Amino acid sequence: MSVLAPGSRVVIAGFGSEYRRDDGVGSIVAASAASLRPSTHEVGPLSDPLDLLGQWDGAALVVVIDAVRSGAAPGTIRVIEMDVGGVAGSDDERNIESHETSTHGIGLAGVLRLATALGRAPARLVLVAIEGREFGFGQELSAPVEAAVPEAVRRVVELIEEARTCA
Amino acid sequence: MTHGAKSSRTISAQGISRVEGEGSLRVDVRDGKVTDVALDIFEPPRYFEAMLVGRHFSEAPDITARICGICPVAYQMSACAAMEDACSVSVSDAIKRLRRLLYCGEWIQSHALHIYLLHAPDFLGCADAVELAERDPRVVERGLDIKRTGNLIMEAVGGRAIHPVNVRVGGFYRTPDPSAIAALAEPLRRARENALATVSWVSGFVFPDVAGDYRFVALRSPSRYAVEEGRPGLFEGFDVSAGQFAELAVEEHVARSTALHSRLEGRDHYLTGPLARYAINGALLPRVAADAARDAGLGAACTNPFQSIVVRAVELVFACDEALRLVEEYEPPDSPAVEVKPRAGVGTGVTEAPRGLLLHQYEIDDQGIIVRARIMPPTSQNLLTVEDDLRRVVEDGMTLGDDDLQWRCEQAVRNHDPCISCAAHFLDVTVVRS
């Protein structure tokens, strides 16, 4: 079992509704990754990024996993390093903020900026974004998103291991 | 974005920010008069209704709670009330008190979020909560501290701060240990003080001078400010059972909108939520909340929608005070739940979600399988009234520039805290002037 060093608290947050097909992939990946690395703190399924405030205080690493809709091929995984403490943000962050890629109303980048203003931002925030295809009502993932789950879990675990190594 | 033309003017914006989710808004103005207002919100509860058919009645609280990330307790409570009505089951007073405590936790979370992070920036010239936090972090911290107290209640009673898992038809899966409930008292005392400071803070904002002609509907309860149970009542004295209300509340499809629009049969549209609750049940507020309302300058009723933030703050005081009372009087129920045996029939449940009345109605068969489901969330009930507000705001604001008028319209929508977070869809705003 991996044991994280003091001061290297890791939070894994899965976003989305398990009743909105591919929207639920974030929670599925988060739960799988957390079961492989039980020393992490899993939160979710979340609907509102504002719920991360208070959950990620003092974290060395926060990994957010969420379904997105950006026009990429379904099942595509992108690992986006959020600019903690940054002002302008990356192009990816601006897309997230503009709601064009996320299925959620309040942007993750906005919550990060809010936390930064309050001195409550985590040391590092990474978004693992999985391109969804089906967001209708139901509990089954589409085939390409289902196929992407093991790789997404592997990427999350890799991020946790990096944090542990660097601690 | 402004499209200029000699005979017409179109103002459009991509997205109303700081509402929970997304929808679209269009206002048409011709010769200085508003000819049409359309607030269109994609309404997933309708799809959930179909999804519920064929499910076991015991699944309804948890499935419907996933409709809304902001008010899952409301969905759980209305679903439980409807199923218990269908099965002719009454829960014990101890379970009712525990439900009320859990519901207070959700009100605290939801109202603190809306006041501090979504609504207050409108009155302080801030683009959003980030700007407010940069300008005055202590104020935002106060709001977040109040919200955290709601989280604590949800954890202690509901098992989780977000999307509680401890609610079932008939009561709870387990009853909280008295020590866990007692630990809520101190945070609640602090939250109540912070809520009082919130009332003072928001009552000092400058509000547009607007008065709505509202037909208020809220639950009534004989001796308490109604939250988790009561009979739907109208300001003018209308008082019906939940089942009768379900028959009276007529939902219409409007061609331009994917959302259903509610009216009371034989009457016009109506408003649920904080303004309605305060007008109908204000006399039942505990002393500390009633005093705060008086000191804030609120009368017996408030019809200025922009001042809904003050009423919401008063309800925040109420929720903290009421939760504290329930914590101090807590005795674990003899049993976490009463047994509910399914029987064929129809049941209706109505409770007060933070945004207003939430109605669930189910028909189940003798095996407890859901045959028909109807969910009427507060946002759809308020849609026509919000459109009416927008009409008034635009007519009163003809001298404003396009950007200012659009901003005022967005404020008018946020006044009613519409919740559309459950929709995985996207929003446009359009104002057309001719």
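Being a predicted model, the structure only gives us computed values, none of them experimental.

Secondary structure summary: chain B contains 14 helices and 16 strands in total. Within chain B, the fraction of its 434 residues that count as buried is 63%. Here the analysis covers contacts within chain B between residues at least 6 apart in sequence; of these, 74% occur between residues at least 24 apart. Of the roughly 15400 Å² of accessible surface on chain B, a fraction of 47% belongs to carbon and sulfur atoms.

Looking now at the sheet that holds strand β3 (residues 61-68) of chain A. Residues and elements named next belong to chain A. With mixed pairing, five strands are arranged side by side in an open sheet as β2-β1-β3-β5-β4. Looking at the sheet topology across the chains shown, the edges are occupied by β2 (41-46) and β4 (77-82). Sheet twist, expressed as the mean angle between neighbouring strand axes with direction ignored, is 20°. Bridging between β4 and strand β5 (residues 125-131) involves six bridges; their strand directions are antiparallel. When the bridges of β5 are listed, Arg78 appears paired with Ala129.

Our focus in this paragraph is the sheet that holds strand β14 (residues 370-376) of chain B. Residues and elements named next belong to chain B. The antiparallel open sheet is built from three strands, whose spatial order is β12-β13-β14. Of all strands in the sheet, those bounded by a partner on one side alone are β12 (345-353) and β14. Along the sheet, successive strands turn relative to each other by an average axial angle of 15°, direction set aside. Along the sheet face, helix α3 (residues 72-86) touches β12, β13 (356-364) and β14 and points at about 150° away from the line of β12.

Helix length check: helix α6 (residues 137-158) of chain B, at 22 residues, gives a terminal C-alpha distance of 30 Å against a target of 32 Å (1.5 Å per residue), a fit within 8%. In terms of burial, α6(B) is a largely internal element, 16 of the 22 residues being buried.

In this section: the packing of aromatic side chains. All names here are of chain B. Inspection of every chain in the model, using the stated rule, returns nine aromatic pairs over all chains. For the ring pair Phe123 and Phe205, a centre distance of 5.4 Å and an interplane angle of 20° mean the geometry is stacked. With Phe123 in helix α4 (residues 93-123) and Phe205 in the loop between α8 (185-203) and β8 (217-220), this residue pair connects regions lying 82 residues apart in the sequence. Arranged with centres 4.8 Å apart and planes meeting at 50°, the rings of Tyr225 and Phe318 form a pair that is tilted. On the criterion of sequence distance, the pair formed by Tyr225 in the loop between β8 and β9 (231-234) and Phe318 in helix α12 (residues 308-328) is long-range, its members being 93 residues apart. Taken individually, Tyr225 and Phe318 each receive the classification buried, so the pair is uniform in this respect.

Okay, the nonpolar core next. Counting 148 residues, the largest nonpolar core has A:Leu114 and B:Tyr362 as the members making the most contacts within it. Here this core gets 16 residues from one element, more than from any other, and that element is α4(B).

Our focus in this paragraph is the layout of surface pockets. Residue and element names in this part refer to chain B. In this structure, the largest pocket encloses a volume near 480 Å³. Around the largest pocket, the lining is made up of 20 residues, and of these Ala81, Glu84, Lys96, Glu228 and Glu229 lie nearest the centre. In terms of residue class, the lining of the largest pocket is made up of six nonpolar, seven polar and seven charged.

Right, let's get into the side chain of B:Asp389. Residue and element names in this part refer to chain B. On the secondary structure map, Asp389 appears in helix α13 (residues 378-396). Relative accessible area serves as the criterion here: at 1%, Asp389 is assigned to the buried category. The contact partners of Asp389, leaving out residues within four places of it in the chain, are Tyr214, Pro305 and His416.

The description of two helices packed together rests on the angle between their axes and the distance between the axes. Residue and element names in this part refer to chain B. α12 packs onto α4 with a crossing angle of 150° between their chain directions and a minimal axis gap of 8 Å. It follows that α4 is roughly antiparallel to α12 by the angle criterion. Helix-helix and strand crossings are classified by hand; for α4 and α12 the assignment is left-handed. Class assignment of the residues belonging to the contact of α4 with α12 gives a composition of 17 nonpolar, four polar and six charged.

A few words now on the confidence of the model for chain B. All names here are of chain B. With 85% of its residues at a pLDDT of 70 or more, chain B shows a mean pLDDT of 85. Segment residues 1-21 is flagged for pLDDT under 50; beyond a separation of four residues in sequence, or across chains, it makes 79 contacts in the model. For residues 421-429, every residue scores under 50 in pLDDT, and the model assigns this stretch 43 contacts once sequence neighbours within four places are set aside. The complex model carries a pTM of 0.86, and its ipTM stands at 0.74.

The next thing to look at is the pairing of β3(A). Residue and element names in this part refer to chain A. Among the eight residues that make up β3, eight are buried, leaving the element largely enclosed by the rest of the structure. Because side chains alternate across β3, one face comprises the buried residues Leu61, Val63, Ile65 and Ala67, and the other comprises Val62, Val64, Asp66 and Val68, equally buried. Pairing of β3 with β5 involves seven bridges; the strand directions are parallel. Its bridge partner lying in β5, Val63 is registered against Val126.

Residues and elements named next belong to chain B. Relative to the assigned elements, Gln381 resides in helix α13. For Gln381, a relative accessible area of 0% translates into the label buried. If we ignore the near neighbours within four places in the chain, the residues touching Gln381 are Phe245, Ser262, Tyr270, Thr272, Leu357, Leu358 and Met376.

When the pLDDT values of chain A are averaged, the result is 81; 81% of them are 70 or greater. In the predicted structure, residues 94-105 of chain A sits below a pLDDT of 50 and forms 41 contacts with residues beyond four places in sequence or in another chain.

Right, let's get into the packing of α13(B) against helix α14 (residues 402-414) of chain B. Residues and elements named next belong to chain B. Contact pair α13 / α14: the axes reach a minimum separation of 9 Å and the direction vectors enclose 150°. Comparing their axes, α14 and α13 come out roughly antiparallel. In the packing of α13 onto α14, the handedness of the crossing is right-handed. For the pair α13 and α14, contact is made by Val386, Leu390, Val393 and Val394 and by Leu405, Arg408, Cys409, Ala412 and Val413, respectively. The class makeup of the residues in the contact of α13 with α14 is eight nonpolar, no polar and one charged.

Criteria and cut-off values
- Residues numbered from 1 in each chain as written.
- Chains lettered and ligands numbered in written order.
- Predicted model: local features only at pLDDT ≥ 70, side-chain atom pairs only at ≥ 80, totals over all residues.
- Heavy atoms only, no water.
- Helix = DSSP H or I, 4+ residues; strand = E, 2+ residues; numbered from the N terminus.
- Buried < 20%, exposed > 50% of the residue type's maximum accessible area, 1.4 Å probe, protein only.
- Contact = heavy atoms within 4.5 Å.
- Areas by Shrake-Rupley, 256 points an atom, 1.4 Å probe, with all protein chains shown as cover.
- Pairing = 2+ DSSP bridges.
- Axes fitted to C-alpha atoms, helices over the stretch in contact; angles between N-to-C directions.
- Expected span 1.5 Å × (residues − 1).
- Phe/Tyr/Trp six-rings, centres within 6.5 Å; stacked < 30°, edge-to-face > 60°.
- Core = buried A, V, L, I, M, F, W, Y, C linked by side-chain atoms within 4.5 Å.
- 1 Å grid on protein atoms, 1.4 Å probe; cavity = no way out; pocket = protein on both sides within 12 Å on 5 of 7 lines; lining within 4 Å.
- Points joined across faces, edges and corners; volume = space filled by probe spheres on them.
- Nonpolar A, V, L, I, M, F, W, Y, C, P; charged D, E, K, R; others polar.
- Parallel < 35°, antiparallel > 145°, perpendicular 65-115°, else oblique.
- Left-handed = near helix turned anticlockwise from the far one by under 90°.
- pLDDT = per-residue confidence, 0-100.

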